[in-house]
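Spelled out, the chains give:
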Amino acid sequence: MNMSKDASLERYYGFREVVGCTTAPQAALMAYFLKALNDTGVRGDVLEIGVYRGRSSMLFGLYLHGRRRLHLVDPGLKGDVLEELTRNLTDIAPSMDFERDVIIDMRMSQELQYDYAVQNRGQYAFIHIDGGHSMLDVYRDLQQAEKMLGEKGIVICDDFFAAGRPAVTEGVYKYLHDHPGVFKILLTGYNKAVLARADRYEEWWVRIINSLGEYLESNWRPVQIHLYNSPLEFPTLGLSERTKEQCPFGGYFEREESHALIAALSKAVGAQGNK
Ligand SMILES: C[S@@+](CC[C@H](N)C(=O)[O-])C[C@H]1O[C@@H](n2cnc3c(N)ncnc32)[C@H](O)[C@@H]1O
């Protein structure tokens, strides 16, 4: 993965005036995973639950390369809001064919079991959950994601550990507790929880440890990557911003010891599996 400046993300940063809930570091973190999926040839649709005026959908539109569809689910997608969303998406990604590539879905996410989503089960490469913020909303959206996500895909939940939205964190952990072995949290940071299918976390961790720090340093700010045990005792990586004095890996790990961090993760995962 090329860790220099990401031209698509630079373009996204230029569209500051669009009203919405996605911050620059959140965009950088999501762009890293969108780019990684593209670089590794993982094809599949992109789903967003909770679109509003498209502040986050615009980022997804930039990384949607051919043969994929952007499926946007939000009951608010009508009238002025829909017009603004359409304008925002066509401005940022003019090469995108809106009619062909974008599905405007004005339903609540709970209704996603119908039609397109059903026919395309397991076909989604990237799912962003930012719709209803109650525990049950998030829990159900993860149940949907479980059916829709492809083998190598990524799910990102917004507002994870956001002070004003405690039910989101509760919904994620309750889902993980009730469905062991489906998804694992790979990484948390900037109020995002990044999840992958449980049998894919090791390869994602190797990629994250080897390249996420450099990507974010080139495209946002230096970060420190930590290893922690989540409330469910599963090892997870966490991100925080890094000052010049700090090393890229928190705890006991230095950059040149990233292989040790990977080994520590694998060991911890092995121990978890043996419980
Ligand atoms: C926080 S906003 C989304 C912000 C957007 N992702 C951004 O970056 O600007 C939440 C949106 O979720 C929608 N929403 C709420 N409950 C929903 C549900 N059950 N299914 C789909 N969308 C939902 C709301 O209409 C609202 O537009």
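Now for a look at the structure at hand. Every chain's residues receive numbers from 1 upward, in the order its sequence appears when written. With pLDDT at 70 or above as the cut-off, local features in this predicted model cover only qualifying residues; side-chain atom pairs require 80 or more to be listed or tallied, and sums for whole chains, interfaces and linings still use all residues. To get the side-chain values, take all heavy atoms of the structure and skip hydrogens and water.

Section: the overall build of the protein chain
Here is the rule: To qualify as a helix, a DSSP run of H or I must reach at least 4 residues; to qualify as a strand, a run of E must reach at least 2; elements of each kind are numbered from the N terminus. With the radius of gyration taken over C-alpha atoms, the globule rule is written as 2.2 Å times the number of residues to the power 0.38. Buried residues are those whose accessible area, probed at 1.4 Å on protein chains only, stays under 20% of the maximum for their type, while exposed residues exceed 50% and partly exposed ones sit between those limits.
For the protein chain, the count of helices and strands is 10 helices and nine strands. In terms of overall size, the protein chain behaves like a compact globule, its C-alpha atoms giving a radius of gyration of 18 Å where 275 residues would be expected to give roughly 19 Å. For the protein chain, the C-alpha atoms occupy an extent of roughly 55 × 40 × 35 Å along the three principal directions. Per-residue burial over the protein chain gives 55% buried out of 275 residues.

Some details on the side chain of Arg200
Put simply, the rule reads: By the criterion applied in these results, polar contacts are pairs of N or O atoms within 3.5 Å in which, for protein atoms, one can donate a hydrogen and the other can accept it, and in which residues neighboring in sequence qualify only through two side-chain atoms. Contact definition: two residues touch when any of their heavy atoms are within 4.5 Å.
Among the structural elements, Arg200 can be located in the loop between β7 (192-197) and α9 (201-219). A relative accessible area of 15% places Arg200 in the buried class. Of the polar contacts made by the side chain of Arg200, one reaches the side chain of Glu151; its length is 2.3 Å. In contact with Arg200, other than residues within four places in its own chain, are Glu151 and Lys152.

Focus on the layout of surface pockets
Applied cut-off: Here a cavity is any set of points on a 1 Å grid over the protein atoms alone where a 1.4 Å probe fits but cannot get out, and a pocket is any open set with protein on both sides within 12 Å along at least 5 of 7 lines; a residue lines the site when it has an atom within 4 Å of a point. Grid points are joined across faces, edges and corners, and a volume is the space filled by probe spheres set on the points. When residues are grouped by polarity, Ala, Val, Leu, Ile, Met, Phe, Trp, Tyr, Cys and Pro land in nonpolar, Asp, Glu, Lys and Arg in charged, and all others, Gly among them, in polar.
What the largest pocket holds in volume is close to 350 Å³. Taken together, 28 residues line the largest pocket, and the ones lying closest to its centre are Gly50, Asp74, Asp130, Gly131 and Gly132. A per-class count over the lining of the largest pocket returns eight nonpolar, 10 polar and 10 charged.

Structural notes on helix α8 (residues 166-178)
Here is the rule: One fewer than the residue count of a helix, multiplied by 1.5 Å, yields its expected span.
The end-to-end C-alpha distance of α8, which contains 13 residues, comes to 19 Å, matching closely the 18 Å that a straight helix rising 1.5 Å per residue would cover. Within α8, the full set of buried residues consists of Val168, Thr169, Gly171, Val172, Tyr173, Tyr175 and Leu176.

A few points about the site of the ligand
Formally: Whether a residue is near a molecule or strand depends on its heavy atoms: it is near if one of them lies within 4 Å of it. Computed with the Shrake-Rupley method and a 1.4 Å probe, the accessible areas treat only the protein chains shown as cover for residues. Molecule-in-pocket calls rest on the fraction of atoms, with more than half required to lie within 2 Å of the cavity or pocket grid points.
Around the ligand sit 19 residues, and of these Cys21, Thr22, Ser56, Asp74 and Asp130 come closest. Contact between the ligand and Ser109: a nitrogen atom at 2.9 Å from a main-chain N or O atom of the residue. Contacts to the ligand include Gly132, whose backbone N or O atom sits 3.2 Å from a nitrogen atom. In isolation the ligand exposes 610 Å². Once the protein is present, 84% of that is buried. Spatially, the ligand is embedded in the largest pocket.

Some remarks on empty space enclosed by the protein
Throughout the structure, instances matching the rule amount to one cavity of 30 Å³ or more. Roughly 40 Å³ of volume is contained in the largest cavity. Ile129, Asp130, Gly131, Gly132, His133, Val138, Cys157, Asp158 and Val168 are the residues that line the largest cavity. In terms of residue class, the lining of the largest cavity is built from four nonpolar, three polar and two charged.

Let's talk about the packing of helix α2 (residues 24-39) against α9
Formally: Each axis is a line fitted through C-alpha atoms, and for a helix only the stretch in contact is used; angles between axes span 0 to 180 degrees, taken between their N-to-C directions. The labels follow the angle: roughly parallel below 35 degrees, roughly antiparallel above 145, roughly perpendicular from 65 to 115, and oblique for the rest. Each crossing gets its handedness from the near helix: less than a right angle anticlockwise from the far helix is left-handed, clockwise is right-handed.
Their axes nearest at 11 Å, the elements α2 and α9 cross at an angle of 125 degrees. Here α2 is positioned oblique relative to α9, judged by the angle of their axes. Handedness of the crossing formed by α2 with α9: right-handed. Note on element contacts: α9 touches α2 through Trp204, Arg207, Ile208, Ser211, Leu212, Tyr215 and Leu216, opposite Ala28, Leu29, Ala31, Tyr32, Phe33, Lys35, Ala36 and Leu37.

A closer look at the state of the cysteines
Threshold: For the purposes of this analysis, a disulfide is any pair of cysteine sulfur atoms at a distance within 2.5 Å.
In this structure the tally under the stated criterion is zero disulfides. Cys21 forms no disulfide, and the closest cysteine sulfur to it belongs to Cys157, at a distance of 15 Å. Relative accessible area serves as the criterion here: at 55%, Cys21 is assigned to the exposed category. For Cys157, a relative accessible area of 1% puts it in the buried group.

Considerations on the pairing of strand β4 (residues 124-129)
Heads up, the rule is: Here, strands pair whenever DSSP counts at least two bridges between them. Think of it like this: strands point away, you trace from the first strand over the helix to the second, and a clockwise trace means the crossover is right-handed.
Most of β4 sits inside the fold, with six of its six residues counted as buried. Pairing geometry for strand β1 (residues 45-49) and β4, over five bridges, is parallel. Opposite Asp45, over in β4, you have Tyr124 as the bridge partner. Two strands pair when backbone bridges link them, and β4 and strand β5 (residues 149-158) are joined in this way by five bridges, in the parallel orientation. Counted as the bridge partner of Phe126 is Ile154 from β5. Note that the unit made of β4, helix α7 (residues 135-148) and β5 has a crossover that is right-handed.

On their own, these measurements won't tell you what the molecule is for.
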